[in-house]
Amino acid sequence: MDIETIMAKARVPQQGRSKASFERMLATAEELMTQRGSDEFTLNEVAKHGKVSIGSIYCRFDSKDDLVHVVQLRVLERVDTDMLAAIAGVQERGGDLIDKVHDLVQSIADVLRRYAEVMRPLMLRASGDPVIASIGKRSYSRTSEAVIDALLTCEREIRHPNPRHAADAGFRIVYAAIARYLGFGSSLDAAGEGDWNQLKNDLGDMLAAYLATAPKGNRQPA
């Protein structure tokens, strides 16, 4: 399902008072997810906490799923804005490959942690909701492309014969490690495991070493 279809199903109002009520629905649903760490809330609870009528909710959404999808879009719009701004800041600061890798890892990790409490229940839901999964992949792709482009500004320092592949593979591993720490997945057992700052430093070191080292098959014999 594309973004336009999701928003069309939401029946976004144009009138001032109706728009304010609509925003309260979204803000309340997001707050309930953040507080509970899951999407286990009812539309009646949204109505009560958001001070809107249940009838007005059904005027805008056919189901709770439709409401959650729009909430995710709104959350990831904020995440994407902050993430792309953080990556642009890394580009402006410049530096060699090692400096840039560490700056990128720190910046990406800190943005994800800032939104972790609301992203966590959405990530948990993604395994059983293809719409949530699709929206999440779209957001991840935006970050991935921006990170790869940033790393490729140091392409001459990357020893892999296919620098784009190396940047992509390295970022996927870094993102997975950060996501595991933040509890983005089906299990929360590893969430918060270890020291956060040490994790960022270690990931920066590992990614920099990977990019600066020729693959085994491309090494010159001693």
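Residues numbered from 1 in each chain as written. Predicted model: local features only at pLDDT ≥ 70, side-chain atom pairs only at ≥ 80, totals over all residues. Heavy atoms only, no water.

1. Here's the deal with the packing of helix H6 (residues 97-114) against helix H8 (residues 130-151)
Axis separation between H6 and H8 bottoms out at 10 Å; the angle between their running directions is 160°. Relative to H8, the element H6 lies roughly antiparallel. You can see that H6 and H8 cross each other, and the crossing is right-handed. Together, Lys100, Val101, Leu104 and Ile108 of H6 and Val147, Ala150 and Leu151 of H8 make up the contact between the two elements. When the residues that make up the contact of H6 with H8 are grouped by side-chain class, the tally is six nonpolar, no polar and one charged. (Axes fitted to C-alpha atoms, helices over the stretch in contact; angles between N-to-C directions. Helix = DSSP H or I, 4+ residues; strand = E, 2+ residues; numbered from the N terminus. Parallel < 35°, antiparallel > 145°, perpendicular 65-115°, else oblique. Left-handed = near helix turned anticlockwise from the far one by under 90°. Contact = heavy atoms within 4.5 Å. Nonpolar A, V, L, I, M, F, W, Y, C, P; charged D, E, K, R; others polar.)

2. What to know about the domain arrangement of the chain
In terms of domains, the chain is made up of domain 1 (3-59) and domain 2 (67-212). On a C-alpha basis, the centres of domain 1 and domain 2 stand 29 Å from each other. Between domain 1 and domain 2, the residue contacts involve 18 residues of the former and 18 residues of the latter. In total, about 1,500 Å² of surface goes out of reach between domain 1 and domain 2, with carbon and sulfur atoms giving 75% of it. Counting across the interface, domain 1 meets domain 2 through three salt bridges. Among the salt bridges present, the one from glutamate 30 reaches arginine 78, with a minimum N-O distance of 2.6 Å. Scanning the region where domain 1 abuts domain 2 turns up three residue pairs in polar contact (both at pLDDT 80 or more). Element by element, the count of residues in the side of domain 1 that touches domain 2 is highest for helix H2 (residues 16-36), at eight residues. Of the residues assigned to the side of domain 1 that touches domain 2, the class counts are 12 nonpolar, three polar and three charged. (Domains from an automatic or database assignment. Buried area = accessible area lost by both parts, 1.4 Å probe. Salt bridge = Lys/Arg side-chain N within 4 Å of Asp/Glu carboxyl O. Polar contact = N/O pair within 3.5 Å; in protein donor to acceptor, adjacent residues only side chain to side chain.)

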